[in-house]
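Descriptive analysis of the structure
The primary structure of each chain is shown beneath.
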Amino acid sequence: MLPSVRTLCTRSPTTPLLPSLLPPTTPLPLPPRQNPTTHNVCHPTRNLHHMSHVGSTRQLSSFSSSRQLSSFSPWTLGILNHTAIAVPDLEQAVSFYRDTLGADVSPPEDLPDHGVTVVFVNLPNTKIELLYPLGEGSPIAGFLAKNKNGGIHHICIEVDDIEAAVRDVKAKGVRTLSETTRIGAHGKPVMFLHPKDCGGVLMELEQK
C-alpha cells in the first residue's frame with residue numbers, strides 16, 4: 001500500500017529531509033607567526049639587500065666626513081672680480097663698450113710695474129678689464145703678437161687671504177708667475193698662476 005501524499009509531505013521539524021552531504025565545519029588553523037630571524041633566513045636576497053644598504057650608508061657617511069676634512073682650507077675663494085681682455089686699439093675698445101653698449105667705463109690707468117694700461121668696464125655683477133701694452137717688454141705686446149685682434153687674457157678671482165692662498169696653491173704644485181705678490185690695478189696684492197696648471201687659463205688671485 002503506497003503512502004498517502006499527506007504522509008510523504010509530513011515530517012518532523014527536527015528531522016532533515018535528506019542527510020547532509022557536507023562534513024561538519026571546523027575553523028581553519030591560523031599560520032604560525034614568523035619571527036624576524038626566521039623571516040630573514042627564508043629570504044636571503046632581501047637580507048643581502050638590507051646588508052648592502054647599511055654598508056653603502058656607512059661608506060657614504062665615511063666619504064662625506066673625509067671629503068669635509070680634505071676640503072678644509074685656511075683661505076676661501078670669492079667672487080669673479082673681472083675678466084681681462086687684451087685689445088690692440090684701446091680707444092676703439094672703449095668706444096665700443098661705452099658708446100655702443102652704454103656701459104660705465106673708467107678712465108685709463110697706467111701700471112708700469114705690469115707693463116699695461118688698463119680701463120675697467122663696470123657691470124652690475126663684475127667687471128671687464130681692457131688691457132693695452134705699456135712700455136717695452138709688455139706681456140700684453142707678446143700676447144697681441146700671437147692674437148692680432150686681441151682676446152681674453154686672464155680671469156681674476158678674489159680671495160679672503162692672498163698670502164695663505166699663494167702658500168697653499170704652491171704646496172699643491174701650482175706654479176706662480178712671481179715669487180711674491182704684487183700690487184694690482186685696484187691697489188691690492190695680486191698673484192698670477194701659471195695657465196698650464198690652471199686648465200689653460202691665466203688666473204689672477206686678488207686680495208678681497
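Just so you know, these numbers come straight off a predicted model, no measurement behind them.

Moving on: the pairing of strand β5 (residues 127-133). Where strand β1 (residues 77-86) and β5 come together, five bridges link them in parallel fashion. Bridging from a neighbouring strand, A84 pairs with E129 of β5. The turn joining strand β4 (residues 116-122) and β5, which pair antiparallel and follow one another in sequence, is formed by four residues.

This part takes up the nonpolar core. Membership of the largest hydrophobic core comes to 14 residues, with the highest contact counts inside it found for W75, V159, I162, L193, M203 and L205. Those elements that place two or more of their residues in this core are β6 (151-159), α6 (162-171), β8 (189-193) and β9 (203-207). Among the elements that make up this core, the one with the highest residue count is α6 (five residues). Contact partners of L205, with chain neighbours within four places excluded, come to L77, I157, V159, I162, A165, P189, V190, M191 and L193. Residues V87, V94, Y97 and V119 belong to the second largest nonpolar core, which totals twelve residues.

The rules behind each value
Residues numbered from 1 in each chain as written. Predicted model: local features only at pLDDT ≥ 70, side-chain atom pairs only at ≥ 80, totals over all residues. Heavy atoms only, no water. Pairing = 2+ DSSP bridges. Helix = DSSP H or I, 4+ residues; strand = E, 2+ residues; numbered from the N terminus. Core = buried A, V, L, I, M, F, W, Y, C linked by side-chain atoms within 4.5 Å. Buried < 20%, exposed > 50% of the residue type's maximum accessible area, 1.4 Å probe, protein only. Contact = heavy atoms within 4.5 Å.

In short, the description is geometric, and any link to function would need to be established separately.
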